[in-house]
Amino acid sequence: MDYKAFEKMANNFEEAVKKDIGEQLVTDILLEVGNKVLAKTKKRTPVGQYSGQVSFIANIPEKQVNFTTKAGKKVSFKAKARTRQVRFSNSKTQVGGTLRKGWYITGVKKNGNKLFILIYNNVEYASFVEYGHRKRNNKGWVEGRFMLTISMKEVEHSLQQIADKHCKKVLEQLFK
């Protein structure tokens, strides 16, 4: 009997154990899954469009002014300003994108014997767009867009295929 093929396979397994191929396999799967979730989330994230017009009312209160001149004369009067509506306009419509650009993914991290990645958005209003929020003065509800939630569920359905693909690569290396 020829045991050379068996010896080669045993050597490949020994080498794989030394290289901690199991952890590398999980890392590769996590990175692919994470990048797919990130890409889908960014694509699903809304981008605001804003007119270039800003309007506000300047309401300056009456103020008592007191000072002394160089000649030593004391002066006192009340200053009044009229309430005015001020408008600034820009002919172009501006496009946002801060929320979409705010998505990030960490590398694979290890906590004890667990490997994980984080997908996050540091934009202060990201959670309100994701999950929804009350309207001003509690007059209704704005539904969430669930960009990350939906993307994670979509990729979750293909998780087995992704894992199988990476496992197949590892097995091919072991049995070559």
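To start, this report covers the structure provided alongside it.

Analysis parameters
- Residues numbered from 1 in each chain as written.
- Predicted model: local features only at pLDDT ≥ 70, side-chain atom pairs only at ≥ 80, totals over all residues.
- Heavy atoms only, no water.
- Core = buried A, V, L, I, M, F, W, Y, C linked by side-chain atoms within 4.5 Å.
- Buried < 20%, exposed > 50% of the residue type's maximum accessible area, 1.4 Å probe, protein only.
- Helix = DSSP H or I, 4+ residues; strand = E, 2+ residues; numbered from the N terminus.
- Contact = heavy atoms within 4.5 Å.
- Salt bridge = Lys/Arg side-chain N within 4 Å of Asp/Glu carboxyl O.

**Describing the nonpolar core**
Ranked by size, the top nonpolar core spans 16 residues in total, and within it Ile-29, Val-33, Val-37, Leu-99 and Trp-103 carry the most contacts. Only helix H2 (21-44), helix H5 (147-157) and helix H6 (159-174) provide two or more residues apiece to this core. In terms of residues, this core owes the most to one element, H2, which gives five residues. Here Trp-103 is in contact with Leu-38, Thr-41, Lys-42, Thr-45, Ile-119, Tyr-120, Asn-121, Met-147 and Leu-148, once residues within four sequence places are set aside.

**Thoughts on the environment of Asp-28**
Residue placement: Asp-28 occurs in helix H2. Given the relative accessible area of 30%, Asp-28 is considered partly exposed. Through-space distance from the C-alpha of Asp-28 to that of His-166 is 7.4 Å; in sequence the pair is 138 residues apart.

**Some thoughts on the pattern of salt bridges**
Evaluated as defined, the whole model comprises six salt bridges. Note that Lys-78 and Glu-62 form a salt bridge whose closest N and O atoms lie 3.7 Å from each other. Within this pair, whereas Lys-78 is found in strand E3 (residues 74-79), its partner Glu-62 is found in the loop between strand E1 (49-58) and strand E2 (63-68), the two being separated by 16 residues in sequence. Residue Lys-78 is classed as exposed on the basis of its relative accessible area of 55%. Here Glu-62 falls in the partly exposed class, since its relative accessible area comes to 44%. Through salt bridges with shared partners, one network takes in Glu-32, Lys-36 and Lys-165.

Geometric descriptors of this kind do not, in isolation, establish any biological role.
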